[in-house]
Amino acid sequence: MSSNFNFQPSSSPHKLTSPHNIPPHTVLTHINQQLNATKMLTSKSPTLRTRRPSPTTIEYTVSTSPVTLTLPLRALFLLSFLIRISVGAATILVLYAKYLLSAYAMRSLNKVIDQPERICSVQEVLFLLRTVMDSRPGQLATTLATRVPFYILTPLALGILYLTLSRPHTTESLLVLRGLGIQTSSSSSTYLSSDTTRFIPTEKIQDILVNEAFRGFEVRYYLGVVVEGEREVVIVFPGLLPRREIVEGVWRGVRGCLWEGKERA
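Reading guide: rules and limits
All residue numbers refer to positions counted from 1 along the written sequence of the respective chain. For a predicted model such as this one, the threshold for reporting local features is a pLDDT of at least 70, and the threshold for listing and counting side-chain atom pairs is 80 or more; totals across whole chains, interfaces and linings nevertheless cover every residue. In computing side-chain properties, one takes all heavy atoms of the structure into account and sets aside hydrogens as well as water. A run of H or I in DSSP counts as a helix once it spans at least four residues, and a run of E counts as a strand once it spans at least two, with each numbered from the N terminus. Throughout, exposure labels follow a simple rule: accessible area from a 1.4 Å probe, protein chains only, divided by the maximum for the residue type, with under 20% read as buried, over 50% as exposed, and the rest as partly exposed. Using a 1.4 Å probe, accessible areas were evaluated by the Shrake-Rupley method; residue-level cover was limited to the displayed protein chains. Two strands pair if DSSP finds at least two bridges between them. Helix axes use the C-alpha atoms of the stretch in contact, all axes being lines fitted to C-alpha atoms, and the angles between their N-to-C directions lie in the range 0 to 180 degrees. Any two residues having at least one pair of non-hydrogen atoms within 4.5 Å are treated as being in contact. Definition used in this section: a nonpolar core is a set of buried Ala, Val, Leu, Ile, Met, Phe, Trp, Tyr and Cys residues joined via side-chain atoms within 4.5 Å. Two helices that cross are described as forming a left-handed crossing if the nearer one is turned anticlockwise from the farther one by less than a right angle, and a right-handed crossing if clockwise. Each residue gets one of three labels, nonpolar for Ala, Val, Leu, Ile, Met, Phe, Trp, Tyr, Cys and Pro, charged for Asp, Glu, Lys and Arg, and polar for the others, Gly among them. Only residues whose relative accessible area exceeds 30% and that take part in no salt bridge are eligible for patches, with like-charged residues grouped when within 9 Å of each other and nonpolar side chains (Val, Leu, Ile, Met, Phe, Trp, Tyr) grouped when within 5 Å. By definition, a salt bridge exists where a carboxyl oxygen of Asp or Glu is found within 4 Å of a side-chain nitrogen of Lys or Arg. Counting of polar contacts relies on pairs of N or O atoms within 3.5 Å, with two restrictions inside protein: one atom must be capable of donating a hydrogen and the other of accepting it, and residues adjacent in sequence are counted only when both atoms are side-chain atoms. Take the residue count of a helix, subtract one, and multiply by 1.5 Å to get its expected span. Note that the arc is defined by the directions from the helix axis to the C-beta atoms. For Phe, Tyr and Trp, rings pair up if their centres lie within 6.5 Å, where Trp contributes its six-membered ring, and each pair is then called stacked (planes under 30 degrees apart), edge-to-face (over 60) or tilted (otherwise).

S.K.: Can you walk me through the overall build of the protein chain in this structure?
M.R.: Check the secondary structure of the protein chain and you find seven helices and nine strands. Counting across all 265 residues of the protein chain, residues that qualify as buried make up 38%. Total accessible area on the protein chain stands at roughly 16200 Å², and carbon and sulfur atoms take up 59% of it.

This is the structure:
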């Protein structure tokens, strides 16, 4: 399993105990700062949350989201959500206005559409779109689409849409089931994709260890799972790489839950 980091294991691995006028990039930077304002109130470093629904099951969750959602923080998240929806809708409106300016749309859609008699029909959808484009926001979108060239508008709009769909925080978890195995999960970077999940049966786990690796000039510790038949170690929490004390605490808890009462060499 590979992570977003290029790991260079140190020479002395160890185990614990056992082992556009405005340039487009300027616009994107400004919007990125606005859309990700909530990150200022997320955790500066990943925090660990432990949940034990039963004596034989334990779940470790490492996340950059705030531990406690206070009322001001909830209000900020709601404001950020509304801003994302507004910016995303405005971007789609500009793209649709650009499409209506094309030759094909002029022949097919950009025409007067009478109010349809049937509900939930294609004609009704076209009528609603025409109504939106005749409104003040639609006129502004058309003006912008007319002034900005296609080769600039398209990548800029796609970049904005990506930012509006990106998650404000990252969450990774490890679920331990005694007698069954472990399941790792990592949240996706956007709301359009699903989380990455993998299950490893107990009989395939040869060992669980804490190792150190170089990330630039920084030494980072990570939790690794040695899986039978695989050359590479499966890295737990690969996107966040929490602090050493978190890694060590999870290491002890995983071993204790998986092999309680058993000796591991």
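S.K.: Even after reading the chapter, I still don't get the sheet that holds strand β5 (residues 181-186), so can you show me in this structure?
M.R.: Strand order in this open sheet of five strands is β2-β3-β4-β5-β6, and the pairing throughout is antiparallel. The sheet is open, and its two edges are formed by β2 (47-54) and β6 (196-201), each paired on a single side. Across the sheet, the mean angle separating the axes of adjacent strands is 15° when strand polarity is ignored. In terms of strand pairing, strand β3 (residues 57-63) meets strand β4 (residues 171-177) through seven bridges, oriented antiparallel. Within β4, the position partnered with Thr-61 by the bridge is Ser-173. Taken strand by strand, helix α7 (residues 244-258) contacts β2, β3, β4 and β5, and its axis lies near 165° from that of β3.

S.K.: Please explain the nonpolar core as it appears in this structure.
M.R.: Side chains that are nonpolar tend, in soluble globular proteins, to be buried together. Formed by 26 residues in total, the largest nonpolar core has its most connected members in Leu-174, Ile-208, Leu-223 and Val-225. Counting only elements with at least two residues in this core, the list comes to β3, β4, β7 (205-215), β8 (218-227), β9 (234-236) and α7. Considering each element in turn, this core owes the most residues, seven residues, to α7. Counting residues in each nonpolar core, the second largest holds 11 residues, with Ala-97, Met-133, Ala-141 and Val-148 among its members.

S.K.: In this structure, what is going on with the packing of helix α2 (residues 71-100) against helix α5 (residues 136-147)? I would like to understand it.
M.R.: Packed helices, taken two at a time, are described by the angle between their axes plus the distance between the axes. Relative to each other, α2 and α5 sit at 65°, their axes nearing to 8 Å. Between α2 and α5 lies a crossing whose hand is right-handed. Residue-level contacts link Leu-93, Val-94, Ala-97 and Lys-98 of α2 to Pro-137, Gly-138, Ala-141, Thr-142, Leu-144 and Ala-145 of α5. Of the residues assigned to the contact of α2 with α5, the class counts are seven nonpolar, two polar and one charged.

S.K.: Any chance you could explain a nonpolar patch on the surface here in plain terms?
M.R.: A surface patch of nonpolar side chains, amounting to about 400 Å² of accessible area, comprises Leu-78, Phe-81, Leu-82 and Ile-85. Here Leu-78 lies in helix α2.

S.K.: What is the right way to read the side chain of Ser-166 from this model?
M.R.: Inspection of the secondary structure puts Ser-166 in the loop between α6 (150-165) and β4. A distance of 2.7 Å separates a polar atom in the side chain of Ser-166 from the backbone oxygen of Leu-163.

S.K.: In this structure, what is going on with the pairing of β3? I would like to understand it.
M.R.: For a regular strand, side chains alternate in direction, first toward one face of the sheet and then toward the other. The element β3 is largely enclosed, with a buried count of seven among its seven residues. Neither face of β3 is exposed, since Thr-57, Glu-59, Thr-61 and Ser-63 on one face and Ile-58, Tyr-60 and Val-62 on the opposite face are all buried. As paired elements, β2 and β3 share six bridges and run antiparallel to each other. Directly across from Arg-49, in β3, lies its bridge partner Thr-61. Between β2 and β3, which pair antiparallel one after the other, the connecting turn spans two residues.

S.K.: How do you make sense of α5 when you look at a structure like this?
M.R.: Because an α-helix completes one turn every 3.6 residues, residues spaced three or four positions apart along the sequence face the same direction. Over its 12 residues, α5 extends 17 Å from the first C-alpha to the last, a length consistent with the 16 Å expected when each residue adds 1.5 Å. When we look at burial in α5, the residues that qualify are Gly-138, Ala-141 and Ala-145. The buried side chains of α5 occupy one side of the element, clustering within an arc of 60° when seen end-on. Residues of α5 that are exposed and angled more than 90 degrees away from the buried face: Arg-136, Thr-146 and Arg-147.

S.K.: Which parts of the structure should I look at to understand the packing of aromatic side chains?
M.R.: Each aromatic ring pair is characterised by the separation of its centres together with the angle its planes make. Counting across every chain of the model gives one aromatic pair. Seen in terms of ring centroids, Tyr-96 and Tyr-99 are 6.4 Å apart; in terms of plane orientation they differ by 35°. Their pairing is tilted. Separated by three residues within a single helix, Tyr-96 and Tyr-99 lie in helix α2, roughly one turn from each other.

S.K.: Explain α2 to me, please; I cannot follow it from the model alone.
M.R.: For α2, spanning 30 residues, the distance from its first C-alpha to its last is 43 Å, which sits close to the expected 44 Å at 1.5 Å a residue. Those residues of α2 lying buried are Leu-73, Ser-80, Arg-84, Gly-88, Thr-91, Leu-93, Val-94, Ala-97, Lys-98 and Leu-100.

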